[in-house]
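# Fold and contact review
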Amino acid sequence: MGVIIILFILGIWVLVDPKIEELLNVKSTQLIKIEQILGIVLNDTWNKIRYKYVKWFRWLILLSLIIPNPMLITFLTLFICIFIYELPVFKLKHKARLKILSVRYQFPIYLRQIQVLLQNNTVVKSIELSLDYVPIVLYQDIKYLHEKIKVDPLNMDHYINCMKQYDLPEIQRSMKWLYRYQNFGYQDANHQFNRMLVSTSKWLRKSRIEKKNESIQVYQWMGMLPLVGVTFVFISAMMSVVISLFERG
């Protein structure tokens, strides 16, 4: 009876494939966010390609016809299908996370360069001069910002929207400071400049500490590998002893 139910569900699944593929034409907000962070554009058929692999692996469920435990095969097949479908998203999420970490680490260093240039230049000119030294991970965003404020330096939206996709409040705060420095009086600008110096120092110190802690955590996990290996060998040896005792009994 269980096999019949499983085959019925598989048949229904095959029949609704066109409807499923139609729903997959719409990108999720999560994918749109990842596109913005990585600066890529996923093909409209990207979700369909992911689902194509699912359609191949779902036929593993037919093993339930020849293996005594059909429900186990069903659950394993569903798990494999979900894993195959979500794996590309996991990879993109990982790349996006690494880029955000890199931006968070590099931006305060870049902001230091801007602060030096601001002593003798306007914000627009300072950003223009910094393009030769800006870190690669920030280059496209800073270049786009420069193009916008060069045409319309009074528009605050250009500053606020710069690197907004990373959801880093420190960057948003710094951009507002740059806007005030560019468009307000000398006294207020000088005050904002001093606040930027203090904030950047704290941010840079925090980023370096986090970078160091991440490196330490990697070495800690590497140090755990021998312990895991010894534990595995010990468990294997104990299982061999238990099995030999049952065979003697």
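A brief structural summary. In this text the structure is predicted, and so the values were computed from the model without any measurement.

### Some details on the overall build of the protein
- Regarding its fold elements, the protein presents 10 helices and zero strands.
- Going from the N terminus to the C terminus, the protein shows its helices and strands as α-α-α-α-α-α-α-α-α-α.
- Taken over 249 residues, the protein has a buried fraction of 30%.
- Counted over contacts in the protein with a minimum sequence separation of 6, partners at least 24 positions apart contribute 62%.
- Counting only carbon and sulfur atoms, one obtains 66% of the accessible surface of the protein, whose full area is about 16,600 Å².

### Notes on the pattern of salt bridges
- Counted by the stated rule, this structure contains three salt bridges.
- Its salt-bridge partner being Lys33, residue Asp167 comes within 3.1 Å of it at the nearest N-O pair. In this pair, Asp167 sits in the loop between helix H8 (156–161) and helix H9 (169–183) while Lys33 sits in helix H3 (residues 29–38), placing the two residues 134 residues apart along the sequence.
- Take Asp167: its relative accessible area is 54%, and that puts it in the exposed class.
- A salt bridge links Glu170 to Arg104; its shortest N-O distance comes to 3.0 Å. Remark: Arg104 occurs in helix H5 (residues 70–117) and Glu170 occurs in helix H9; sequence separation between them is 66 residues.
- Residue classification places Arg104 among the buried residues on the basis of a relative accessible area of 12%.

### Describing helix H6 (residues 123–130)
- Regarding H6, the residues found buried are Val123, Val124, Ser126, Ile127 and Ser130. Seen end-on, H6 carries its buried residues on one side only, within an arc spanning 165°.
- Considering only its buried residues, H6 is in contact with H5, helix H7 (136–151), H8 and H9.

### What to know about H3
- For H3, the complete set of buried residues consists of Leu31, Ile34, Glu35, Ile37 and Leu38. Burial along H3 is one-sided: seen end-on, the buried residues are contained in an arc of 165°.
- Buried residues along H3 sit against helix H4 (46–57) and H5.
- Backbone geometry just after H3 places Gly39 at a positive phi near 70°.

### Comments concerning unusual backbone geometry
- Positive phi, normally seen in glycine, also occurs at Met163, with a value near 60°.
- With respect to the helices and strands, Met163 occurs in the loop between H8 and H9.
- Positive phi outside glycine occurs at Asp167, with the angle close to 55°.

### Re the packing of aromatic side chains
- Applying the stated criterion across every chain yields a total of four aromatic pairs.
- Taking the centre distance of 5.2 Å and the plane angle of 85° together, the rings of Tyr53 and Trp56 count as edge-to-face. With Tyr53 and Trp56 both in helix H4, this residue pair falls three residues apart, about one helical turn.
- For Trp56, a relative accessible area of 52% puts it in the exposed group.
- Arranged with centres 6.3 Å apart and planes meeting at 50°, the rings of Phe107 and Tyr110 form a pair that is tilted. Separated by three residues within a single helix, Phe107 and Tyr110 lie in helix H5, roughly one turn from each other. For the pair shown, Phe107 and Tyr110 are each scored as buried.
- Its guanidinium or amino end placed over the ring of Tyr85, Arg50 lies 3.8 Å from that ring's centre, counting from NZ or CZ.
- Stacked on the ring of Tyr53, the Lys or Arg Lys52 has its end atom at 5.5 Å from the ring centre.

Cut-off values and rules
- Residues numbered from 1 in each chain as written.
- Predicted model: local features only at pLDDT ≥ 70, side-chain atom pairs only at ≥ 80, totals over all residues.
- Heavy atoms only, no water.
- Helix = DSSP H or I, 4+ residues; strand = E, 2+ residues; numbered from the N terminus.
- Buried < 20%, exposed > 50% of the residue type's maximum accessible area, 1.4 Å probe, protein only.
- Contact = heavy atoms within 4.5 Å.
- Areas by Shrake-Rupley, 256 points an atom, 1.4 Å probe, with all protein chains shown as cover.
- Salt bridge = Lys/Arg side-chain N within 4 Å of Asp/Glu carboxyl O.
- Arc of directions from axis to C-beta.
- Phe/Tyr/Trp six-rings, centres within 6.5 Å; stacked < 30°, edge-to-face > 60°.
- Lys NZ or Arg CZ within 6 Å of the ring centre and 35° of its normal.

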